[in-house]
Amino acid sequence: MIQKYTYGAPFPTEAVIGASTPAQGDPACGEISLEDGFRFTCRLAPDDVVYGLGEANRGLNKRGYRYVNSCTDETTHSESVVSLYAAHNFVVVAGKETFGLFFDYPARILFDVGYTRMDTLTVACGHADLDLYVITGEGPYDVVRQFRKLTGPSYIPPKFAFGFGQSRWGYKTREDFRGVADGYRNNNLPLDMLYMDIDYMQDYKDFTVNGEEFPDFPAFVAEMKRRGIRLIPIIDAGVKVEAGYPVYEEGVAKGYFCKRADGSNFVAAVWPGDTHFPDVLNPEARAWFGGKYKILTDAGIEGFWNDMNEPSIFYTPELTAQTRENLEKAFQDGTYTPNMLHKQKPEARGDYELFYHNTIAGTKRHDEVHNLYGFNMTRAAGEAFSRIDPNRRFLLFSRSSYIGMHRYGGIWTGDNCSWWSHILLNLQMMASLNMCGFLYTGADLGGFGGDTTRDLLLRWLALGVFTPLMRNHTALNTRNQECYQFEDMDDFRHVLGVRYRLVPYLYSEYMKAALNDDLIFKPLSFVYPEDKMSAQVEDQLMLGSEVMIAPVYTQNAKGRYVYLPEEMQFIKFLPCGELRCEILAPGHHYVEIALNEVPLFIRKGKCIPLAGPAETVDSLDTEHLTMVGYPGGYELYDDDGVHKDYGNPKNYRTLRKD
Ligand code: GLC
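Residues numbered from 1 in each chain as written. Predicted model: local features only at pLDDT ≥ 70, side-chain atom pairs only at ≥ 80, totals over all residues. Heavy atoms only, no water.

### Structural notes on the overall build of the chain
Next up, step 1: Looking only at helices and strands, the chain has 15 helices and 39 strands in total.
Next up, step 2: What you see for the chain is a C-alpha radius of gyration of 24 Å, in line with the 26 Å of a compact globule of 658 residues.
Next up, step 3: Expressed along its principal axes, the backbone C-alpha trace of the chain runs to roughly 75 × 65 × 55 Å.
Next up, step 4: For the chain, with 658 residues in total, the buried portion stands at 63%.
Next up, step 5: For the chain, long-range pairs separated by at least 24 residues make up 73% of all intrachain contacts whose partners lie at least 6 apart in sequence. (Helix = DSSP H or I, 4+ residues; strand = E, 2+ residues; numbered from the N terminus. Rg over C-alpha atoms; globule rule 2.2 N^0.38 Å. Buried < 20%, exposed > 50% of the residue type's maximum accessible area, 1.4 Å probe, protein only. Contact = heavy atoms within 4.5 Å.)

### Topic: helix H11 (residues 373-388)
One turn of the α-helix equals 3.6 residues, which is why residues spaced by three or four share an orientation.
Next up, step 1: Spanning 16 residues, H11 covers 23 Å between terminal C-alpha atoms, matching the ideal 22 Å at 1.5 Å per step.
Next up, step 2: Counting buried residues in H11 gives 12 out of 16 residues, a clear majority hidden from the surface.
Next up, step 3: If you check which residues of H11 are buried, you get Tyr373, Gly374, Phe375, Asn376, Met377, Thr378, Arg379, Ala380, Ala381, Gly382, Ala384 and Phe385. (Expected span 1.5 Å × (residues − 1).)

### Considering the side chain of Asp638
Next up, step 1: Along the chain, Asp638 falls in the loop between strand E38 (632-637) and strand E39 (652-657).
Next up, step 2: The class for Asp638 is buried, based on a relative accessible area of 16%.
Next up, step 3: Side-chain polar atoms of Asp638 contact the side chain of Lys159, separated by 2.7 Å.
Next up, step 4: Dropping the residues within four chain positions of it, Asp638 is found in contact with Lys159, Tyr507, Thr622 and Asn651. (Polar contact = N/O pair within 3.5 Å; in protein donor to acceptor, adjacent residues only side chain to side chain.)

### Overview of unusual backbone geometry
Next up, step 1: A cis geometry characterises the amide bond from Glu310 onward to Pro311, with omega recorded as 0 degrees.
Next up, step 2: Topologically, Pro311 is positioned in the loop between strand E19 (303-307) and helix H7 (317-333).
Next up, step 3: Despite not being glycine, Leu53 shows a phi value in the positive range, around 65 degrees.
Next up, step 4: Mapped onto the elements of the fold, Leu53 is located in the loop between strand E5 (49-52) and strand E6 (65-69).
Next up, step 5: A positive phi is found at Asp517, a non-glycine position, where the angle reads about 50 degrees.
Next up, step 6: Within the secondary structure layout, Asp517 lies in the loop between helix H14 (489-515) and strand E28 (521-522).
Next up, step 7: Of the residues examined, Asp517 reaches a relative accessible area of 12% and is grouped as buried.

### Regarding the site of the ligand
Next up, step 1: Taken together, 13 residues form the shell around the ligand, and within it Asp197, Asp307, Arg399, Asp415 and His473 come nearest.
Next up, step 2: Within the side chain of Asp197, one N or O atom sits 2.5 Å away from an oxygen atom of the ligand.
Next up, step 3: At a separation of 2.9 Å, an oxygen atom of the ligand approaches a polar side-chain atom of Arg399.
Next up, step 4: Classifying every residue of the shell around the ligand by side-chain character gives eight nonpolar, one polar and four charged. (Near = heavy atom within 4 Å. Nonpolar A, V, L, I, M, F, W, Y, C, P; charged D, E, K, R; others polar.)

### Notes on the packing of aromatic side chains
Next up, step 1: For the coordinates displayed, the defined rule picks out 54 aromatic pairs.
Next up, step 2: Arranged with centres 5.0 Å apart and planes meeting at 85 degrees, the rings of Tyr293 and Phe304 form a pair that is edge-to-face. Taken together, the residues Tyr293 in helix H6 (residues 293-297) and Phe304 in strand E19 connect sequence positions 11 residues apart.
Next up, step 3: Taking the relative accessible area as the measure of exposure, Tyr293 reaches 0% and is therefore buried.
Next up, step 4: In this structure Phe304 comes out as buried when scored by relative accessible area, which is 0%. (Phe/Tyr/Trp six-rings, centres within 6.5 Å; stacked < 30°, edge-to-face > 60°.)

### Some details on the domain arrangement of the chain
Next up, step 1: In terms of domains, the chain is made up of domain 1 (2-151), domain 2 (159-412) and domain 3 (507-632).
Next up, step 2: Between domain 2 and domain 3, the C-alpha centre-to-centre distance is 36 Å.
Next up, step 3: In this assembly, domain 2 packs against domain 3 so that about 910 Å² is buried in total across both faces, 58% of it on carbon and sulfur atoms.
Next up, step 4: Our count for the contact surface shared by domain 2 and domain 3 stands at one salt bridge.
Next up, step 5: A salt bridge links Asp618 to Arg230, with the nearest nitrogen and oxygen atoms 3.0 Å apart.
Next up, step 6: Summed over the shared surface of domain 2 and domain 3, the result is five residue pairs in polar contact (both at pLDDT 80 or more). (Domains from an automatic or database assignment. Buried area = accessible area lost by both parts, 1.4 Å probe. Salt bridge = Lys/Arg side-chain N within 4 Å of Asp/Glu carboxyl O.)

### Examining the state of the cysteines
Next up, step 1: What the rule picks out here adds up to zero disulfides.
Next up, step 2: We note that Cys417 lacks a disulfide partner, and the nearest cysteine sulfur, in Cys483, lies 19 Å from it.
Next up, step 3: Exposure remark for Cys483: the relative accessible area of 0% places this residue in the buried category. (Disulfide = S-S within 2.5 Å.)

Right, dumping it as structure tokens:
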């Protein structure tokens, strides 16, 4: 059951599209205070587990820390970070009493999950204008399923997006891209996508291409496509301020950029220098900005990644003056610290109080609707694709997001680091993101910041083979991170190859989850609610209805401990191309997993299909699949992967293992 409690005059975030029952008074599961903004508190029993929060730091069980949902460009995801790029305000308290809470509120909101007091969950925000949805059900999984219905179906990408993609901030020229394509193709390393970071643009101007480096862009897109590679360009939120640049000129003429209080266009410096932000909370401006993607789809582009859309702001003209004043004052009264100059984020500096949106609910200052910006930038693109080619799917994912955006695109989890702990964070986030509707997700494999190592990349790829978005991406000036840059390339060929062998299964499970408002990744406790130990497992996940994954995430480890709630078949993809299968009894086991092996576990009585080797998704032979696991049947979903003909019963067929 879903009950909706309305406080004050909530902003129409458009996160929710499903049905709920309006409720009177306050929810029975907690206490509400409206004294200073809005505050919800409830007691947590010692064994309660708190799930949710989507893209947030720390574990699957969010207990014991605080999380500030305020979309932030955060470059160092260390353990103490409280805000990342997204605001997914959904939690499930699971225990004797189980209930889900969705705080549909578009601005900064705090989740104190047993941080101030270990036995108390507090959720607080500045204004008492929000909808609170309280969901009760049979257990956490049931609660999540109801929530997923409430917020509507997840985005479905084209099938090629289940291939492997290579990215790097720093590829600039056609020769750079050809070089990477050669590195993969000439070494028979599978590859479906090459991502174009900001340097493909002319002076970082959205929807432009550097004409000197890419004199005939459509021809270059076609050249890559002939090699089985899709180019996926980045689009940033800020539109460069430059006379003569059509997107800028048009946006100014039509009044489609965010405004200051005095009606002038707000200026924020990002990669291109001074930019204006398209007012994507204004439906007309959103349609206009979305329409610009056609410039690139007309050139043959089939996918995009939307970035810097928290929105990230390096500095504003106002704040430079004010910062200077503050600094001078701090020097005088002796309170100066270096942090005052470098470390402050736009929110702390007050940048988000300097501009306004023309929304469906009237004029709103940005900080009041801050968490909706990335959502609506991505929605601009998603809605535009439906106009450009209504029956075709485009690849689309975003850095910043709010619940509701999951209907328009996926997300990548932003600027992680080449740290072993970030493999585990990647794993844990997958399930939390799925709970919030984000199915097409993945992390920068190998790590974005810092220098990767061969073993880190291999281990991370061995998790990445299971994440719908499988992309190797790294920052400017880091060590080369493409799979062909390391010794014994066979190991990389093998691990990437496993991904392609799994694509029929992964795609099938993705589509079933998307079409049924279900999850691909679940904590073990969602599948084994009676098993007490399962609720404590933080480094294994259930994948689809058949598989459990347990990646290795520590350096120099030759294997790891796993916990099996039931008997399972332990499968290792060996580098020779063979599989090693072993039945393991329920309980704890130490399993050996070499650096060049990919492990997975098949649940008792289940089986999954495997394709033969392939170097692109398009060239996969989905007719001849081999079954592994226990004798029985598997219902495979498949379609052309291009169009939106999802519901066709012809898309299902049953495969059998004897
Ligand atoms: C941001 C993105 C990163 C990208 C960089 C340059 O940091 O998160 O993925 O490479 O900007 O565009």
